[in-house]
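What follows is each chain in one-letter form.
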Amino acid sequence: MRTLKLAKVPNDKASSMIPLLISNGIADPGAKISKGKGVRYVPIYDGRENDVTKMGLTVVNGQAFTRSAESPQNRIKERLAYLPDHVTNELPMRWEFVGDIVILKLQESAERYRKEIGEAYAGELNARTVCADVGAVSGELRKPNIEMIFGDNAESVRLENGIRYKFDVTKIMFASGNTDERNRMSHLDCKNEVVIDMFAGIGYFTLPIAKFTGPARVIACEKNPDSFYYLQENIHMNGVENIVTPILGDNRDLDIKGADRIIMGYVQRTSEFLRKAKEMIRPGGTIHYHDTFYVNEYQERLNSIFGETFGPNGYEIVNIREVKSFAPSVSHYVADVIVL
């Protein structure tokens, strides 16, 4: 703590004046902005008093506190203390890192201050790019509703369980909650198998299977052109070009028979594609079937779906795992099913 000159900024001018003080090199961004009755007290550098008064502000003496030992959450709130209280009270205190990109969930109250918020999070979290998650994943192609609010490049590489996943966070959904399932795929025994990934995305399951489980061939089908672009990039980045065959298009157009294993990493509409999986799988092969169900009926629903497609004696469910919670009373499950 040290004595410092403070610019006394009225609350109604804070959102315009404080960024101006900082951008002009007058205010000390490393010191804490404090609140008074109807004002913000902004620490300024020595010798800049005249610059402050020329802006129509008052200079007073006060105490400046270092912010380096504080949590990033507190530093962010203090850095944005000039914003209206209803905005700072709703600033996200949790975020997701994808490499050096930060993804936030912002409330509607923050809409007009997105630029300032993006700069603050980037500065305090040492991020190259900050993006705002402004809506749910939508459509058949599972596109995210994410927008850049700081920086100019939303492409990053995520390292997970020895696999590098490259993607653009504004174009591609990356389900961080599926980490355990991706790791489980890397420990399967797929030696000399032909594996089909019907919903390959950027290689979520294709890459760990190809790199670590010993298959003869992995056929990775993806319909979304953006995802397919990064699927190809990731195949090369992870050195599995000789194992993985990427195919751009609808998996229902595949002309393949006798697969040993099929990955159906989709949710909500997965059952619509099960008959195609039946065409491609050999007797004794395994289907890894993903879908969402109410938590009290997943077993019944899985038996209904597979019974309708394979008959009551045409399959055996050998394992069911909860991947993650999906919605209240609904979870994402994966079932390992042997075709008889």
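Below is a short write-up of the structure.

Conventions adopted
Residues numbered from 1 in each chain as written. Predicted model: local features only at pLDDT ≥ 70, side-chain atom pairs only at ≥ 80, totals over all residues. Heavy atoms only, no water. Salt bridge = Lys/Arg side-chain N within 4 Å of Asp/Glu carboxyl O. Helix = DSSP H or I, 4+ residues; strand = E, 2+ residues; numbered from the N terminus. Buried < 20%, exposed > 50% of the residue type's maximum accessible area, 1.4 Å probe, protein only. Contact = heavy atoms within 4.5 Å. Expected span 1.5 Å × (residues − 1). Bend = angle between axes of the 7 residues up to and from the residue. Pairing = 2+ DSSP bridges. Axes fitted to C-alpha atoms, helices over the stretch in contact; angles between N-to-C directions. Parallel < 35°, antiparallel > 145°, perpendicular 65-115°, else oblique. Left-handed = near helix turned anticlockwise from the far one by under 90°. Nonpolar A, V, L, I, M, F, W, Y, C, P; charged D, E, K, R; others polar. Core = buried A, V, L, I, M, F, W, Y, C linked by side-chain atoms within 4.5 Å.

**As for the pattern of salt bridges**
At step 1: What the rule picks out here adds up to 24 salt bridges.
At step 2: Where Arg40 meets Asp85, a salt bridge forms, and the shortest distance between an N and an O atom there is 3.4 Å. Taken as a pair, Arg40 in strand S3 (residues 39-43) and Asp85 in helix H4 (residues 85-88) lie far apart in primary sequence, 45 residues in all.
At step 3: Assessed through its relative accessible area of 4%, Arg40 is described here as buried.
At step 4: Salt-bridge contacts for Arg252 lead to Asp250; the nearest nitrogen and oxygen are separated by 2.9 Å.
At step 5: Taken together, the salt bridges that share partners define one network made up of Glu96, Arg158, Glu160 and Arg182.

**Considerations on the side chain of Thr309**
At step 1: Position of Thr309 among the secondary structure elements: in helix H10 (residues 298-310).
At step 2: Excluding residues within four positions of it along the chain, Thr309 makes contact with Leu274, Arg275 and Lys278.

**Focus on H10**
At step 1: The end-to-end C-alpha distance of H10, which contains 13 residues, comes to 18 Å, matching closely the 18 Å that a straight helix rising 1.5 Å per residue would cover.
At step 2: Those residues of H10 lying buried are Leu302, Ile305, Phe306, Gly307, Thr309 and Phe310.
At step 3: Considering only its buried residues, H10 is in contact with helix H9 (274-280), strand S15 (281-294), strand S16 (315-327) and strand S17 (330-339).

**Re helix H1 (residues 11-23)**
At step 1: For H1, spanning 13 residues, the distance from its first C-alpha to its last is 19 Å, which sits close to the expected 18 Å at 1.5 Å a residue.
At step 2: Considering bend angle alone, the principal kink of H1 is centred on Met17 and spans about 40 degrees; proline Pro19 follows within four residues of it.
At step 3: By the burial criterion, the buried members of H1 are Ala14, Met17, Ile18 and Leu21.
At step 4: Remark: Gly25 follows H1 within two positions and exhibits a positive phi of approximately 70 degrees.

**Considering the sheet that holds strand S13 (residues 244-248)**
At step 1: Spatial strand order, S13-S12-S11-S14-S15-S17-S16: seven strands in an open sheet with mixed pairing. What marks the edges here is a single partner per strand, and that holds for S13 and S16. Neighbour-to-neighbour, the strand axes of this sheet turn through a mean angle of 15 degrees, independent of strand direction.
At step 2: Note that strand S11 (residues 194-197) and strand S12 (residues 217-222) share four bridges and pair parallel. Bridge pairing in S12 places Val194 opposite Arg217.
At step 3: In the packing of H10 onto the sheet, the strands contacted are S15, S16 and S17, and the crossing angle to S15 comes to about 140 degrees.

**Points about the packing of helix H3 (residues 72-79) against helix H5 (residues 114-125)**
At step 1: Relative to each other, H3 and H5 sit at 140 degrees, their axes nearing to 10 Å. Considering their axes alone, H3 and H5 lie oblique with respect to each other. Regarding H3 and H5, the two cross each other, and that crossing is right-handed. Along its contact with H3, which presents Pro72, Arg75, Ile76 and Arg79, the element H5 presents Glu119, Ala120, Tyr121, Gly123, Glu124 and Leu125.
At step 2: Across the contact of H3 with H5, the residue classes tally to five nonpolar, one polar and four charged.

**Some details on the nonpolar core**
At step 1: In terms of nonpolar packing, the biggest core is built from 35 residues, with Val9, Leu21, Leu80, Ile117 and Tyr121 touching the most fellow members.
At step 2: At the level of elements, strand S1 (2-10), H1, strand S6 (101-105), H5 and strand S7 (129-138) are the ones that each hand at least two residues to this core.
At step 3: Tallying contributions element by element places H5 first for this core, with five residues.
At step 4: In contact with Leu21, not counting residues within four places along its chain, are Ala7, Val9, Ile26, Ala27, Val42, Val52, Met55 and Leu57.
At step 5: If you look at the next biggest cluster of nonpolar residues, it comprises 32 residues, including Met185, Phe205, Val218 and Ile235.

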